[in-house]
2 protein chains.
Amino acid sequence: MSPFTLTHRSSETGARRGVLRLPHATVQTPVFMPVGTLGTVKAMTQEELSDLGFRLILGNTYHLYLRPGHELVRRAGGLHRFISWDGAMLTDSGGFQVFSLQDLRKISEEGAAFKSHLDGSEHFFSPERSLEVQHALGADIVMAFDECPPYPCPLDLTREATERTHRWLARCKTYHDAQGTDQLLFGIAQGGVYEDLRAESAQFVASLDTPGIAVGGVSVGEPPDLMRAAIAWSVPHLPEHKPRYLMGVGTPQDILDAVARGIDMFDCVLPTRLGRNGTLYTTRGRVNIKGARFAEDFGPVDPDCPCAVCRRYSAAYLRHLYKCNEILASRLATYHNLAHYAYLMAGIRAAIEANAYAAFHARALARYAEGDDGDDPGR
Amino acid sequence: MSPFTLTHRSSETGARRGVLRLPHATVQTPVFMPVGTLGTVKAMTQEELSDLGFRLILGNTYHLYLRPGHELVRRAGGLHRFISWDGAMLTDSGGFQVFSLQDLRKISEEGAAFKSHLDGSEHFFSPERSLEVQHALGADIVMAFDECPPYPCPLDLTREATERTHRWLARCKTYHDAQGTDQLLFGIAQGGVYEDLRAESAQFVASLDTPGIAVGGVSVGEPPDLMRAAIAWSVPHLPEHKPRYLMGVGTPQDILDAVARGIDMFDCVLPTRLGRNGTLYTTRGRVNIKGARFAEDFGPVDPDCPCAVCRRYSAAYLRHLYKCNEILASRLATYHNLAHYAYLMAGIRAAIEANAYAAFHARALARYAEGDDGDDPGR
């Protein structure tokens, strides 16, 4: 039986509403996954993530492989037990981090040799090795080992990386299927900023019949229009009845747009990273809490936000905490930003159920544009 | 009516059990006050402090005067409202911090001129000015502006500082009484490591009839025996029916000893600072969570601790978080250490009520000695 059930379809847009049944939790889609790189969503407790309604969080295989090591996590009973998380988890393949190492890695058909960014020690990830590590970590969803081309990247190199990604996916599937695990393997479609390659890759990945499919290689520095194009070129070739995961995306605006194009799953470090840096999301755009205008603003950062931070603490207090580099600043801002994303996703799901997604989408974008500080945090 | 009621006295020791009624909360003594230097007990939310049963926390006048400034706090409606704390607060006078500035301050009969450690800007605290700032902050208990001699300090200089502290206390009281505030002014007895001076100072401060009295100038680097002596020389000259506050103390062992000598109130940065540095209190002594022996310890740091951290997270996970410099490490360790202090104080109060303090004291000290890592964190 498929773990994914579509429950509603938007009649005016490509938006879908579904339920994803995973070994450790049932997840309502469209869903945003907070990023817990090293087995912790930075500055948050697992209790707080649950309280905000998150049932699926992400861990980074490359980082956990180096610290504390996947064998230690296996001995602890898996990542869920090691970090005491009672929801579901997804691990990436480590590929994105390995390929980001630039001078520290060397790619061959077999896999990628790399040096640890921590101590320079030498390691090797192949498709099989990445899955071996991910199986030890024990996440509900494991990702195929792929090669994610940077932006910009010429057509021939993008084709080469995309085709290697396809061969690696076939190896991943063979290895994974032989293990008899209840973990779900998702394939990843690549293709860079080239329409034909995107279509070809989506078709190939769809043909391997993994229980979910990711669109990768977006949000790697390309202009927003090209990101939207990459989604538009990929999605029509993906099967209706499988969850579609847009890796590493994004801002609330990116998510709203991608949902309209039929994406079901998202992850991004933005709400947590920006929170630690003093940028807070509000329903009227992003604000930099360090700004002088908040010095004596004794009301909440976002009067329309019902989160525990906005109910109790003022913008002026948050600004003071930032100015003093207090840990509580990172805590409160991270919590608020993740609450903002949680409410956004709940609103998206409710709008699709009511078949009102187009209007919801337009209204949300208009409100975000109202008071935005306009600082570009990068992606 | 006195805000302080003694409810139990230990028959074998000097320990006392009491209730301190403050404008914002009723406080059970002996009490430990977490230190919230800049309007935040580092790494904790106000909700968590309440959940652990703390009803009285400390703020530092010097730091809050510089950031965000006492006038801003006044406009926010006082420190309670600014930080959204529904319990009681105590502010120190700023004297200890100012006198710690060494080369940046100059003392006269009028007060102390000093330069900000942040930007070198010039400021002046007199007894009246310290109270003016503290009145703006609005804490339930405000402290007299005193001069705290360092250790070691020769007799003549200690006498000079102690006598100036007495003259300043008289000025504090005159100024404070003229303001018609419901805030309580506590005097501070000094006298360094000299028996006669300690007795003289305690007697003088007692004669001014402030609603509470602090023993100051301990835990400033003197050997533990001299700290205990300073308490023993001071306490017999303090009135029975007023709360006695030992400033800046201390370790659980220090607190257990001082309670036996009749002290009612404590504050110290140790549980929070040590927590951030990876030292955790357990009922069997302090442990350094970074140690290799915790790498695969999948049980709680302290199996006898019922706190939310020990119930959910393992020593191995905490160690991993420390190794990765994750914010959650500071959060969990601070919470656990403050929980340890909260349970310690609850145990102390229960033992006094049962007239079993001597046995409780001896047993607690023996247990702390069992597994202590032996690292001296300093005071």
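Residues numbered from 1 in each chain as written. Chains lettered and ligands numbered in written order. Predicted model: local features only at pLDDT ≥ 70, side-chain atom pairs only at ≥ 80, totals over all residues.

## What to know about the interface of chain A and chain B
Taken together, the contact pairs 29 residues of chain A with 29 residues of chain B. For the side of chain A that touches chain B, the secondary structure elements donating two or more residues are α3 (70-75), α4 (79-83), α13 (315-323) and α14 (327-353) of chain A. Looking at which element gives the most residues to the side of chain A that touches chain B, the answer is α13 of chain A, with five residues. Residues belonging to the side of chain A that touches chain B are distributed by class as follows: 15 nonpolar, six polar and eight charged. (Contact = placed C-beta atoms within 7 Å. Helix = DSSP H or I, 4+ residues; strand = E, 2+ residues; numbered from the N terminus. Nonpolar A, V, L, I, M, F, W, Y, C, P; charged D, E, K, R; others polar.)

## With respect to the relation of the copies chain A and chain B
Expressed as a screw operation, the relation of chain A to chain B combines 0.0 Å of axial shift with a rotation of 180°, fitting to an RMSD of 0.0 Å. Considering both components of the superposition, the chain copies are consistent with a two-fold axis. For chain A, the minimum C-alpha distance to the rotation axis belongs to I327 of chain A and amounts to 3.7 Å. Take the interface residues of chain A: 100% of them recur as interface residues in chain B, which is what a same-surface contact looks like. (Least-squares fit on C-alpha atoms with pLDDT ≥ 70 in both.)

## Remarks on unusual backbone geometry
The linkage connecting T29 of chain A with the following residue, P30 of chain A, adopts the cis geometry, with an omega of 0°. Within the secondary structure, P30 of chain A sits in the loop between β3 (25-29) and β4 (31-33). Residue P68 of chain B is reached from R67 of chain B by a cis peptide bond, and omega for that bond is 5°. Relative to the assigned elements, P68 of chain B resides in the loop between α2 (61-66) and α3 (70-75). Positioned with a positive phi, S84 of chain B is a non-glycine residue whose angle comes to about 60°. Backbone geometry at N325 of chain B places phi at a positive 55°, although glycine is not the residue there. On the secondary structure map, N325 of chain B appears in the loop between α13 (315-323) and α14 (327-353). Judged by the 9 C-beta atoms lying within 10 Å of it, N325 of chain B falls in the exposed class. (Buried ≥ 20, exposed ≤ 12 C-beta atoms within 10 Å, placed from the backbone.)

Interpretation note: all reported values are geometric properties and have no functional meaning in isolation.
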